[in-house]
Amino acid sequence: MEVFEAIMSRRSVRKYKAEPIPDEFIEKILEAGRWAPTGGNLQPWKFIIVKDPKILGMIRKVSPGYLGATPFAVVVCSDRERAYEIGGKLARDYLCIADCAMAVENMLLAAHALGLGACSVKSFSPVALKEILEIPNGIEPELVVIIGYSDKEPSRPPRFPLEEITHINKYGEKWLKEK
Amino acid sequence: MKQEKKVTGDEYFFEIAVFLATSARGCMDEPPLYGPFRLIDGLSRLIDLPKYTPCLSDDAFLKRMKAEIDEKKFLVMFDQEGFRKFLDELVYQFSKELKERTLK
């Protein structure tokens, strides 16, 4: 799938089939995450892949935003402690989140290009996730990427028109699409 | 594929309890509109309880409401006004049903 097509056709899927995902797909999705942009090559991410249905079930139960059951999930965490040692507050409080978000977007696009559905979930209890997955102090779960075969393709959500969100040369100067 | 273990009523009940507790904490930090969304999603889950608890009987009205909720709950993501109208309509249906059940 061509990149622009993948970006335009990706949706947040909230209903999945129970079908398992091939292992080679999982590795490709993780690789896509690993090669995301990262400030100062910080690479703050740690990925916890979850395939065990019991653990997936527990994650789902403590994550109100985890809608639909999937056979697979990646919990994307950041190593906040290491980030602080290397890059101070900026790295710990901003880059960790920004870099993990970019890794997640890569994963979502990779999953979509492989014919899978996925959704990035932030509505989870970090306290509960840390307990369930035995995540040590200093490592923070940032996002949960739930992945499976889509059972219902969501419709295209509305987006603000480009002209409404884009300025040219300075803020407030309206940018108009060339006709 | 491995046969999934049947969920018991107690397990499902506990699942709803965990959902409510984590939602309550989440609502402290999440966008305010997620509050009504969690409540309505919680209601949808609650209506499924008789599926796992033989001593509860299926309620045709509630099942109909659940279908409606599951179809329209995601309006919250992109159509706030539509979501409000859907909740108004839902409450209206519930009030009508309440009246009917009380006065019959």
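Look up: the structure comes first, before these words.
Per-chain numbering applies: the sequence of each chain, read as written, is numbered from 1 onward. By the order in which they are written, chains take letters starting at A while ligands take numbers starting at 1. Given that the model is predicted, a residue must reach a pLDDT of at least 70 before its local features are reported, and side-chain atom pairs must reach 80 or more before they are shown or counted; all residues, however, enter totals for whole chains, interfaces and linings.

Draft legend 1. Examining the environment of Leu49(B) more closely. By the element assignment, Leu49(B) lies in helix α3 (residues 49–52). Think of it this way: build a C-beta for each residue from its backbone, and any pair within 7 Å is a contact. Contacts of Leu49(B), omitting those with residues within four sequence positions, involve Tyr12(B), Phe13(B) and Leu56(B). Strands are runs of DSSP state E lasting at least two residues, helices are runs of H or I lasting at least four, and both sets are numbered from the N terminus onward.

Draft legend 2. Representation of the interface of chain B and chain A within the structure. Contact residues are listed per partner, giving 12 residues for chain B and nine residues for chain A. Going through the elements one at a time, α1 (9–29) and α5 (75–78) of chain B are the ones with two or more residues in the side of chain B that touches chain A. Looking at the side of chain B that touches chain A element by element, the count peaks at seven residues for α1(B). All residues other than Ala, Val, Leu, Ile, Met, Phe, Trp, Tyr, Cys, Pro, Asp, Glu, Lys and Arg, Gly among them, are scored as polar; the first ten of these are nonpolar and the last four charged. Residues belonging to the side of chain B that touches chain A are distributed by class as follows: five nonpolar, three polar and four charged.

Draft legend 3. Spotlight on the nonpolar core. All names here are of chain A. Here, a nonpolar core denotes buried Ala, Val, Leu, Ile, Met, Phe, Trp, Tyr and Cys residues that are linked to one another through C-beta atoms within 7 Å. Whether a residue is buried, exposed or partly exposed is read from the other C-beta atoms within 10 Å of its own C-beta, which are placed from the backbone; 20 or more gives buried, 12 or fewer gives exposed, and intermediate counts give partly exposed. Core analysis: the biggest nonpolar cluster contains 38 residues, and Ala73, Val76, Met107, Val144 and Val145 have the highest contact counts within it. Breaking this core down by element, the ones donating at least two residues are α2 (23–34), β1 (45–50), β2 (72–79), α4 (80–113), β3 (117–121) and β4 (139–148). With 11 residues, the single largest contributor to this core is α4. Contacts of Met107, omitting those with residues within four sequence positions, involve Ile29, Ala32, Gly33, Val74 and Val145.

Draft legend 4. Spotlight on the packing of α2(A) against α4(A). Residue and element names in this part refer to chain A. In this analysis an axis means a line fitted to C-alpha atoms, helices contributing only their contacting stretch, and an angle means the value between N-to-C directions, from 0 to 180 degrees. Between α2 and α4, whose axes approach to 7 Å, the crossing angle comes to 145°. Where α2 crosses over α4, the two elements pack in a sense that is right-handed. Listed contacts from α4 to Lys28, Ile29, Ala32 and Gly33 of α2 are Ala103, Asn106, Met107, Leu109, Ala110 and Ala111. Its residues assigned to classes, the contact of α2 with α4 shows seven nonpolar, two polar and one charged. Handedness of a helix crossing follows the sense of rotation of the near helix relative to the far helix, less than a right angle counterclockwise being left-handed and clockwise being right-handed.

Draft legend 5. Highlighting the sheet that holds β3(A). Residue and element names in this part refer to chain A. The four strands are arranged β1-β2-β4-β3 in an open sheet whose pairing can be described as antiparallel. The sheet terminates laterally at β1 and β3, the two strands that pair on one side only. Sheet twist, expressed as the average angle between the axes of neighbouring strands with direction ignored, equals 20°. Being paired, for any two strands, means DSSP has found at least two bridges between them. Examined bridge by bridge, β2 and β4 share eight bridges and lie antiparallel to one another.

Don't take any of this as a statement about function, it's just geometry.
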